[in-house]
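Given next are the chains, with one letter for each unit.
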Amino acid sequence: MQFEPGDRRRRLPRHLREPEPDPGTFSFTIRPATLRDLPDVREIYNHYVANSVVTFDEKRSTHRYWREKFTMLTKLALPFLVAVTPSNQVIGYALVQPWASKSAYRYTVEDSIYLGPGAGGKGLGSALLQALILACEEIGLREIVAVISDSGAEPSIRLHSKFGFVEVGRMGRVGFKFGRSLGTVYLQKSLTPKPRRRLFHPRRG
Ligand SMILES: CC(C)(COP(=O)(O)OP(=O)(O)OC[C@H]1O[C@@H](n2cnc3c(N)ncnc32)[C@H](O)[C@@H]1OP(=O)(O)O)[C@@H](O)C(=O)NCCC(=O)NCCS
């Protein structure tokens, strides 16, 4: 059946329509981030900057900060994923960045994963982390590290442990936010890299 512009019958008959998602179900797609997603990504991250100690950033991140990070990750061909609703609203993101700049660290990355308000506790973090790990293995990365606040980040520790990250160390009192000292927990996972493809090369130091 053809629908021409101006046709009053804009909606297809029920039996020909795509099934609509049940409003009670939590539906999302995971895809690589684009420049257009960055304002949503920034809002998600800034929520935790302003209201939590899961990140040690204290000043809200800027558009410029996210544009530069996006450009850097794109150049290095490192995964930066977003989870979007059927209406393309970003509800979470996950990325990896070089663990350190010296070139011998080139097979090791640090991950970062944040969900928007209301998106936690429904399996989205698991879906994003799984996709991120696969994307890292695809490009031949070998080790992935998570640096997690030792306060208020139990969901993150639980999430990473579920995917085989193991605690490799802790540092106490290295951060200070909202008037109190904070430590960090280091979790590490060895990846199963696919046969070697392109790899990023951090700047020499
Ligand atoms: C960490 C985060 C990404 C987890 O995402 P999520 O969608 O809630 O995680 P999932 O629903 O996939 O659950 C993953 C595991 O964490 C556990 N978990 C989720 N929320 C939890 C909570 N509030 N307390 C304790 N455990 C929790 C789940 O039970 C699940 O473990 P299980 O499968 O063994 O039961 C999300 O909570 C978040 O964005 N937190 C704030 C930002 C943050 O801390 N980022 C990490 C910085 S390193």
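Residue numbers here run from 1 along each chain, matching the order of that chain's written sequence. With the structure being a predicted model, the display of local features is reserved for residues of pLDDT at least 70 and the display and counting of side-chain atom pairs for 80 or more, all residues being used for whole-chain, interface and lining totals.

Trainee: Go over the overall build of the chain with me, naming the residues and quoting the values.
Mentor: Secondary structure counts use DSSP, requiring at least four H or I residues in a row for a helix and at least two E residues in a row for a strand, with both numbered from the N terminus. Of the regular secondary structure elements, the chain holds 4 helices and 7 strands. Here a residue counts as buried when 20 or more other C-beta atoms fall within 10 Å of its C-beta, as exposed when 12 or fewer do, and as partly exposed in between; the C-beta atoms come from the backbone. A burial count over the chain gives 23% of its 205 residues as buried. Residues are treated as contacting if the C-beta atoms built from their backbones sit within 7 Å of each other. The contacts in the chain between residues at least 6 apart in sequence include a share of 66% that link residues at least 24 apart.

Trainee: Provide a residue-level description of the site of the ligand, including the pertinent values.
Mentor: For the ligand, the set of nearby residues contains 21 residues, the closest of which are Leu115, Gly120, Gly125, Ser126 and Pro155. Put simply, the parts of the chain that give the shell around the ligand at least two residues each are β4 (108-115), α3 (124-138), β5 (143-149) and α4 (154-162). Per-element accounting of the shell around the ligand gives the leading share, 6 residues, to α4. For the shell around the ligand, the per-class residue count stands at 11 nonpolar, 6 polar and 4 charged. To decide whether a residue is near a molecule or strand, its C-beta atom is placed from the backbone and checked for lying within 6 Å of it. Polar here means any residue outside two lists: the nonpolar Ala, Val, Leu, Ile, Met, Phe, Trp, Tyr, Cys and Pro, and the charged Asp, Glu, Lys and Arg; Gly therefore counts as polar.

Trainee: I'd like a description of the environment of Ile113, backed by residues and values.
Mentor: Looking at where Ile113 falls in the secondary structure, it is placed in strand β4. Here the alpha-carbon distance between Ile113 and Leu129, two residues 16 residues apart in the chain, equals 7.5 Å. Residues in contact with Ile113, not counting those within four places in the same chain, are Ala94, Gly125, Leu128 and Leu129.

Trainee: Explain the nonpolar core to me, and be specific about the residues and the numbers.
Mentor: With 31 residues, the main nonpolar core has Leu81, Tyr93, Leu132 and Cys136 as its most contacted residues. Secondary-structure elements contributing two or more residues to this core are α1 (38-51), β2 (80-84), β3 (90-98), β4 and α3. With sequence-adjacent residues up to four places away left out, Leu132 is seen in contact with Pro79, Leu81, Ala94, Val96 and Asp111. Under the definition applied here, buried Ala, Val, Leu, Ile, Met, Phe, Trp, Tyr and Cys residues are grouped into a nonpolar core through C-beta atoms within 7 Å.

Trainee: An account of the sheet that holds strand β1 (residues 29-32) is needed here, citing residue identities and associated values.
Mentor: What the 7 strands build is an open sheet, ordered β1-β2-β3-β4-β5-β7-β6; its pairing is mixed. A single partner strand is all that each edge strand has here, and the edge strands are β1 and β6 (166-177). Direction aside, neighbouring strands of the sheet carry axes that sit 25° apart on average. Pairs of strands are assigned from DSSP output, requiring at least two bridges between the strands. Here β3 pairs with β4 via 7 bridges, running antiparallel. Looking across to β4, one finds that Leu95 is bridged to Ser112. Axis definition: a line fitted to C-alpha atoms, over the contacting stretch in the case of helices. Angles run 0 to 180 degrees between N-to-C directions.

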